[in-house]
Number of protein chains: 2
Amino acid sequence: MTDITIKQAAEMLLANDDILVLMHRSPDGDTIGCGYALCAALRKLGKRAQPVCSDILPRVFSFLTESFEQQTFEPGFIVSVDVATETLLGEGLSVYKDRIELCIDHHPSNTGFARCGVVDGSAGACALIIAKLIREMGVKFDPFIADAIFTGVATDTGCFVFSNASAEIHRTAAEMIENGADSAMITRLIFETKSRSRLELEKMVLESLRYFHDGRTALITVTSAMMMLSGAEEGETEGIASIPRQIEGVTIGITVRERGEGSYRISVRTSDGADASRICAALGGGGHKAAAGCSIEGDLETVIKTITDAAEQELDRMI
Amino acid sequence: MTDITIKQAAEMLLANDDILVLMHRSPDGDTIGCGYALCAALRKLGKRAQPVCSDILPRVFSFLTESFEQQTFEPGFIVSVDVATETLLGEGLSVYKDRIELCIDHHPSNTGFARCGVVDGSAGACALIIAKLIREMGVKFDPFIADAIFTGVATDTGCFVFSNASAEIHRTAAEMIENGADSAMITRLIFETKSRSRLELEKMVLESLRYFHDGRTALITVTSAMMMLSGAEEGETEGIASIPRQIEGVTIGITVRERGEGSYRISVRTSDGADASRICAALGGGGHKAAAGCSIEGDLETVIKTITDAAEQELDRMI
């Protein structure tokens, strides 16, 4: 992949038409915000442009997706937004994987699957890069584009809570509000609304909370029975894995999620220097220092023993 | 009270010394951020200045309060920050109530208890006004002042979630980060950390959740027994009252809080045009359209019947 500047990416887009914008599978607010903002800007330039995803877009983003007219065309130019690897395109879009001309992303782990790329690993959200690209193309932000960019920066920072909520993130949020983003509606919909089933699931999950290692490790369990009884869907489990690590005094937060008979997916979140990726690597998984995952087979109690033993080793290593 | 400009307020402060800064009782991040930012700025000008409060400052703000040297002096000039009425000074500071020279506030309901005032009801946080005042006094923001101002704007907007999170709020947050505010530490401490007792209380409160009026009203109960069993302190109940209104489909969210034998404090939160103040006014209370409160005496089930009947009348009125 050839690294190019935002200016060069803008020139490529200006020179082309019938632009297909690929979003990643399990779509979040950043990839959707990027896809819709970029296509709206391209349409303002008189081009045909369509965002596409291999998965259904979550209903919560319908304020962006529902009013956006569907355009069908033979793609003349293919761009991906917020997609770190070609596998993240998902099956539905894998047909395009060798034809991606331009990749716009903020994951340092981007695998360089496109012909050209603008990858800025320091950007707290991919929507920051898209905002620069839109400015560079000379398109004025309108309320729709502003809503889309605001959605990207707000969601990728957990509503300005995470450490990636930089000065640039806040400045971009301010600029989008000034250009008509309905930030109050967006934050309320995304961060202040919970389904009844999600709340029911949270209640069950809190009942499963256990502490280990003098309260330095906390563990919650999400069983298939809890999912069924609460009526929660897959998309409603987001943020659940952050619960144990948020507890005062907890260094290692573990979520054990039942995936099938005797099969569990483990999410580990750490703080204060504990290394989640080291814990998970020892069990065949991987990830980042603060967030990692692995899979373990066995009955629930054995699985809990295995992962908490690995956590204890990490705590011992830290002393 | 004489309304004055920020420039005039800056001139008053520059002309005085031994400045006492009064914060409101039940102190939150905005009043504390204002008090410490203003005093730090005044000290940089070589003045003696001390923030004071009639209540103990919550431990979560110790990153501001602990390292700040205590200065004792006979007050030469008294300022209040984020204080809407003199009763909000609390008993410990009521001795100063007739001697307040300058009131800096953002509550439209400010009662004008001081000699002069800068009251900007459009400011999403009082810390926005303090930031302007510090600029006007010619003091450069340093990391401590930046932490304090950031704390004010972040807490009064629920970490940039509420509708008062304006473009100006985001721009000020950006400026404070650029001046050294440790925003990641602050948001993590305040918004991403929960005590074990708070989590235990949340679990009990979720178990008390009931729905009325086809799910348009949701009600939770916080009993004295729950407080005792969970070990939660008064300061740890913040945000609990928002839980029922956050539920999808709920227009009226009610929290019934036991205050003593047969005595209950009711908090009502509404959306979609329902009027919380009308519900509470009918029961002798008051507040704003989206958030109001009242007190009801009786046994718990009767109290619940009384408040849900009042909620039903409001729902009927809306049709």
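So, here's what we can say about the structure. Bear in mind that the values here come from a model prediction, so they are computed numbers and not experimental data. Residue numbers here run from 1 along each chain, matching the order of that chain's written sequence. Ligands are numbered from 1 and chains lettered from A, in the order in which they are written. Note on the predicted model: pLDDT of at least 70 is required for a residue's local features to be given, and 80 or more for side-chain atom pairs to be given and counted; whole-chain, interface and lining totals, by contrast, use all residues. Computation of side-chain values: all heavy atoms of the structure, hydrogens and water removed.

## A few points about the overall build of chain A
Comment: elements are numbered from the N terminus, with helices defined as DSSP H or I runs of at least four residues and strands as E runs of at least two. Counting its secondary structure elements, chain A contains 11 helices and 12 strands. Its C-alpha atoms give chain A a radius of gyration of 21 Å, within 12% of the compact-globule value 20 Å for 319 residues. Counting only residues that meet the buried cut, chain A has 56% of its 319 residues in that class. Any two residues whose heavy atoms approach within 4.5 Å are treated as being in contact. Put simply, of all contacts in chain A between residues at least 6 apart along the chain, 66% involve residues at least 24 apart. Both definitions apply: the radius of gyration is a C-alpha atom measure, and the globule rule equals 2.2 Å times residues to the power 0.38. Type-normalised accessible area, obtained with a 1.4 Å probe on protein chains alone, sets the label of each residue: buried when under 20%, exposed when over 50%, and partly exposed for intermediate values.

## Describing the relation of the copies chain B and chain A
Turning chain B through 180° and shifting it by 0.1 Å along the axis lays it on chain A, with an RMSD of 0.1 Å. Here the copies are linked by what is in effect a two-fold axis. A share of 100% of the interface residues of chain B reappears at the interface of chain A, consistent with the copies meeting face to face through the same patch. The atoms used to superpose the copies are C-alpha atoms, taken from residues with pLDDT of at least 70 in both, and the fit is least squares.

## Section: the side chain of Gln-71 of chain A
Residue and element names in this part refer to chain A. Among the secondary structure elements, Gln-71 is positioned in the loop between helix H3 (62–65) and strand S4 (77–81). For Gln-71, a relative accessible area of 17% puts it in the buried group. In this structure the side chain of Gln-71 is engaged in a polar contact, spanning 3.4 Å, whose partner is the side chain of Arg-43. Pairs of N or O atoms are called polar contacts if they sit within 3.5 Å, as long as, within protein, a hydrogen donor faces a hydrogen acceptor (for residues adjacent in sequence, only side-chain-to-side-chain pairs). A polar atom in the side chain of Gln-71 sits 2.9 Å from the backbone nitrogen of Ala-49. Not counting the four nearest positions on each side in its chain, Gln-71 is found in contact with Arg-43, Lys-47, Arg-48, Ala-49 and Gln-50.

## Considering the sheet that holds strand S10 (residues 263–270) of chain A
Residue and element names in this part refer to chain A. Taken in spatial order, the 6 strands make up an open sheet running S7-S8-S9-S10-S12-S11, and their pairing is mixed. Each of the sheet's edge strands pairs with one partner strand only, and the pair in question is strand S7 (210–212) and strand S11 (286–287). Between any two strands, pairing holds if DSSP finds at least two bridges. With 8 bridges joining them, strand S9 (residues 252–260) and S10 adopt antiparallel strand pairing. Counted as the bridge partner of Thr-255 is Ser-267 from S10. What counts as an axis is a line fitted to C-alpha atoms, over the stretch in contact for a helix, and the angles between N-to-C directions run from 0 to 180 degrees. Along the sheet, helix H11 (residues 300–318) makes contact with S7, strand S8 (217–222), S9, S10 and strand S12 (291–297), crossing S9 at roughly 155°.

## Re the nonpolar core
Nonpolar cores are built from buried Ala, Val, Leu, Ile, Met, Phe, Trp, Tyr and Cys residues. Side-chain atoms within 4.5 Å join them into one set. The biggest cluster of nonpolar side chains holds 128 residues, and the ones touching the most others in it are Leu-38 of chain A together with Leu-38 of chain B. Filtering out sequence-adjacent residues up to four positions away, Leu-38 of chain B remains in contact with Leu-13, Val-21, Val-79, Val-81, Ile-104, Ile-130, Leu-133, Ile-134 and Met-137 of chain B. The next biggest cluster of nonpolar side chains, apart from the first, holds 32 residues, and it includes Leu-199 and Ile-240 of chain A together with Leu-199 and Ile-240 of chain B.

## Remarks on the interface of chain B and chain A
With 41 residues of chain B at the contact, the number on the chain A side is 41 residues. As used here, buried area is the combined drop in accessible area, with a 1.4 Å probe, of two parts when they are placed together. Both sides of the chain B and chain A interface together cover about 3700 Å² of buried area, and 55% of this is carbon and sulfur. Should a side-chain nitrogen of Lys or Arg be within 4 Å of a carboxyl oxygen of Asp or Glu, the pair is scored as a salt bridge. Run the count over chain B and chain A and you get 4 salt bridges. A salt bridge links Arg-171 of chain B to Glu-178 of chain A, with the nearest nitrogen and oxygen atoms 2.5 Å apart. At the boundary of chain B and chain A, one finds 13 residue pairs in polar contact (both at pLDDT 80 or more). For the side of chain B that touches chain A, the element with the most residues is helix H6 (residues 167–178) of chain B, which contributes 8 residues. Looking at the side of chain B that touches chain A residue by residue, the classes come out as 17 nonpolar, 10 polar and 14 charged. Under the scheme applied here, ten amino acids are nonpolar (Ala, Val, Leu, Ile, Met, Phe, Trp, Tyr, Cys and Pro), four are charged (Asp, Glu, Lys and Arg), and all others, including Gly, are polar.

## A few points about helix H7 (residues 183–191) of chain B
Residues and elements named next belong to chain B. For H7, the full list of buried residues reads Ser-183, Ile-186, Thr-187 and Ile-190. Around the axis of H7, the buried residues are gathered within 90° of arc, so they sit on the same side. Contact partners of the buried residues in H7: helix H3 (62–65), helix H5 (143–156) and H6. This arc describes the spread of directions from the helix axis toward the C-beta atoms.

## Here we look at the packing of H5 of chain B against H7 of chain B
Residues and elements named next belong to chain B. At a minimum axis distance of 10 Å, the contact between H5 and H7 shows a crossing angle of 45°. Judged by the inter-axis angle, H5 sits oblique to H7. Regarding H5 and H7, the two cross each other, and that crossing is right-handed. Of H7, the residues touching H5 (which contributes Asp-147, Phe-150, Thr-151, Ala-154 and Thr-155) are Ser-183, Met-185, Ile-186, Thr-187, Ile-190 and Phe-191. For the contact of H5 with H7, a count of residues per class yields 6 nonpolar, 4 polar and 1 charged. Here roughly perpendicular refers to angles of 65 to 115 degrees, roughly parallel to angles under 35, roughly antiparallel to angles over 145, and oblique to all remaining angles. By definition, any crossing whose near helix is turned counterclockwise from its far helix by less than a right angle is left-handed, and any crossing with a clockwise turn is right-handed.

## Some thoughts on the side chain of Arg-43 of chain B
All names here are of chain B. The topology assignment puts Arg-43 in helix H2 (residues 29–44). Buried charged residue Arg-43 carries no salt bridge. Nearest counter-charge: Glu-69, at 4.4 Å. Within the structure, Arg-43 has its side chain in polar contact with the backbone oxygen of Ala-49 (distance 2.9 Å). The residues touching Arg-43, leaving out its near neighbours within four places in the chain, are Ala-49, Gln-50, Phe-68, Glu-69 and Gln-71. His is not counted here, nor are the chain ends, while Lys and Arg score as positive and Asp and Glu score as negative.

## Observations concerning the pairing of strand S3 (residues 49–52) of chain A
Here strand S2 (residues 19–22) of chain A pairs with S3 of chain A via 4 bridges, running parallel. Counted as the bridge partner of Val-21 of chain A is Pro-51 of chain A from S3 of chain A.

## Details of the pairing of strand S6 (residues 116–119) of chain A
All names here are of chain A. Across 2 bridges, the pairing between strand S1 (residues 2–3) and S6 is parallel. Looking at S6, one finds that Asp-3 is bridged to Gly-117. As defined by bridge partners, strand S5 (residues 102–105) adjoins S6 across 4 bridges and the pair is classed as parallel. Pairing of Ile-104 across the sheet is with Val-118, part of S6.

## Some words on H11 of chain A
Residue and element names in this part refer to chain A. With 19 residues, H11 extends 27 Å between its outermost C-alpha atoms, agreeing within 8% with the 27 Å of an ideal straight helix rising 1.5 Å per residue. Residues of H11 that are buried include every one of Val-303, Ile-304, Ile-307, Thr-308, Ala-310, Ala-311, Glu-314 and Leu-315, and no others. The buried residues of H11 occupy one face: seen down the axis, they fall within an arc of 150°. Across H11 from its buried face, at more than 90 degrees, point the exposed residues Lys-305 and Gln-313. In this structure, the buried side of H11 is in contact with S7, S8, S9, S10, helix H10 (276–281) and S12. One fewer than the residue count of a helix, multiplied by 1.5 Å, yields its expected span.

## Brief notes about the packing of aromatic side chains
Classification of ring pairs uses Phe, Tyr and Trp, with its six-membered ring standing for Trp, and accepts pairs whose centres are within 6.5 Å; under 30 degrees between planes counts as stacked, over 60 as edge-to-face, and the remaining range as tilted. Per the counting criterion, the structure on display carries 7 aromatic pairs over all chains. With a centroid separation of 5.3 Å and an interplanar angle of 15°, the aromatic rings of Phe-68 of chain A and Phe-144 of chain A are classed as stacked. With Phe-68 of chain A in the loop between H3 and S4 and Phe-144 of chain A in helix H5 (residues 143–156), this pair connects stretches of sequence that are 76 residues apart. Of the two residues, Phe-68 of chain A and Phe-144 of chain A, both sit in the buried class. Plain terms: the ring middles of Phe-150 of chain A and Phe-160 of chain A are 6.0 Å apart, the flat faces sit at 55° to each other, and that makes the pair tilted. Within this pair, whereas Phe-150 of chain A is found in helix H5, its partner Phe-160 of chain A is found in the loop between H5 and helix H6 (167–178), the two being separated by 10 residues in sequence. Both residues of the pair, Phe-150 of chain A and Phe-160 of chain A, count as buried. Members of the aromatic cluster, each reached through a chain of ring pairs, are Phe-150 and Phe-160 of chain A together with Phe-150 and Phe-160 of chain B.

## What about the sheet that holds S1 of chain A?
Residue and element names in this part refer to chain A. An order of S1-S6-S5-S4-S2-S3 is seen for the 6 strands of this open sheet, with the pairing classed as parallel. Edge positions in the sheet fall to S1 and S3, since each has one partner strand and no second. Relative to S4, S2 runs parallel, the two being bridged by 4 bridges. Bridging from a neighbouring strand, Leu-20 pairs with Ile-78 of S4. Lying over the sheet, helix H2 (residues 29–44) contacts S2, S3, S4 and S5, oriented at roughly 170° with respect to S3.

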